[in-house]
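Here is how the chains run, residue by residue.
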Amino acid sequence: MKKKILGIALLASLFAIQSCTVEQPPVKFAIVSDLHAPDIPDGLQRMQAVVDAANREKVDFIIQLGDFIRLDSLSRPYREVWDQFKGEKYHVLGNHDLDKYTKEEFVEGFGMPRRYYSFVVDSNRKVYHYNN
């Protein structure tokens, strides 16, 4: 029994060493939270600064952590700036995002697959994305 446990431990440690030595390109991403863009005087400029920085730094994706913008027509200029980001964009529901919309309306309005989801960054790394 001891030999079996020792053998399993040896195999596990060899696997761990191998998985740590595999060279992978770094994942680079940006996170933005509580922008409240339509509700503050310089919201559009803040949104533009986030998108410009993310594009300049060539991040793979952005995750916005809620309290972002509304789904109404007044938010169209903010959505247009947000859509200037060249990579993937992921969303989390914020408490103020739900002031005027149901969770289902917000999920649909931002094209989220569902409230809880994950996505693959490359063939070896998966990001788990949890929402309200």
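As the structure is a prediction and not an experimental result, all values here were calculated from the model.

Visitor: Explanation requested: the environment of Pro25 in the structure shown.
Guide: Summarising the element assignment, Pro25 is placed in the loop between helix H1 (2-21) and strand E1 (29-32). Judged by its relative accessible area of 56%, Pro25 falls in the exposed class.

Visitor: Explain the environment of Ala54 to me, please; I cannot follow it from the model alone.
Guide: Note on placement: Ala54 falls in helix H2 (residues 43-56). Sequence separation between Ala54 and Lys86 is 32 residues, and the spatial gap between their C-alpha atoms is 8.7 Å. Not counting residues up to four positions away in its chain, the partners in contact with Ala54 are Val59, Ile62 and Phe85.

Visitor: What exactly am I supposed to notice about the side chain of Asn55 here?
Guide: Secondary-structure assignment places Asn55 in helix H2. Classification of Asn55 by relative accessible area gives buried; the value is 19%.

Visitor: I would appreciate a short explanation of the confidence of the model for the protein chain in the present structure.
Guide: Detail in the predicted coordinates should be disregarded across regions flagged by low pLDDT. When pLDDT is averaged across the protein chain, the result is 78; 76% of the residues are at 70 or more. Confidence, expressed as mean pLDDT per element, reaches its minimum in the protein chain at H1 with 51 and its maximum at H2 with 93.

Visitor: What is the right way to read the packing of aromatic side chains from this model?
Guide: The description of an aromatic ring pair rests on the distance of the ring centres and on the angle between the ring planes. Per the counting criterion, the structure on display carries 5 aromatic pairs. Between Phe61 and Tyr90, the ring centres sit 5.8 Å apart and the planes meet at 80°, which makes this aromatic pair edge-to-face. With Phe61 in strand E2 (residues 61-64) and Tyr90 in strand E3 (residues 88-91), this pair connects stretches of sequence that are 29 residues apart. Just as Phe61 is buried, Tyr90 falls in that class too. Centre to centre, the rings of Phe68 and Trp82 are 4.6 Å apart; their planes meet at 70°, and the pair counts as edge-to-face. Here Phe68, found in the loop between E2 and helix H3 (76-82), pairs with Trp82, found in helix H3; they are 14 residues apart in sequence, far enough to count as distant. Across the pair, Trp82 and Phe68 agree in class, each one buried. An aromatic cluster is built from Phe68, Trp82, Phe106 and Phe110, whose rings are joined through pairwise contacts. Above the ring of Phe110, the side-chain terminus of Arg79 is found at 4.4 Å from the ring centroid.

Conventions adopted
- Throughout this document, residue positions are counted from 1 along each chain, in the order its sequence is written.
- Thresholds applied to this predicted model are a pLDDT of at least 70 for local features of residues and 80 or more for the giving and counting of side-chain atom pairs; totals over whole chains, interfaces and linings are not thresholded and use all residues.
- Processing note: side-chain calculations cover all non-hydrogen atoms of the structure and skip hydrogens and water entirely.
- Counting from the N terminus, the helices are the DSSP runs of H or I reaching at least four residues and the strands are the DSSP runs of E reaching at least two.
- When accessible area is computed with a 1.4 Å probe and restricted to protein chains, residues below 20% of their type maximum are described as buried, those above 50% as exposed, and intermediate ones as partly exposed.
- Only heavy atoms enter the contact rule, under which two residues are in contact if any of them lie within 4.5 Å.
- Each residue carries a pLDDT value, the predictor's own confidence for that position, ranging from 0 to 100.
- Stacked, edge-to-face and tilted labels apply to pairs of Phe, Tyr and Trp rings (six-membered ring for Trp) whose centres lie within 6.5 Å, assigned for plane angles under 30 degrees, over 60, and everything in between, in that order.
- We call a charge positioned over a ring when the NZ of a Lys or the CZ of an Arg lies within 6 Å of the ring centre and within 35 degrees of the ring normal.

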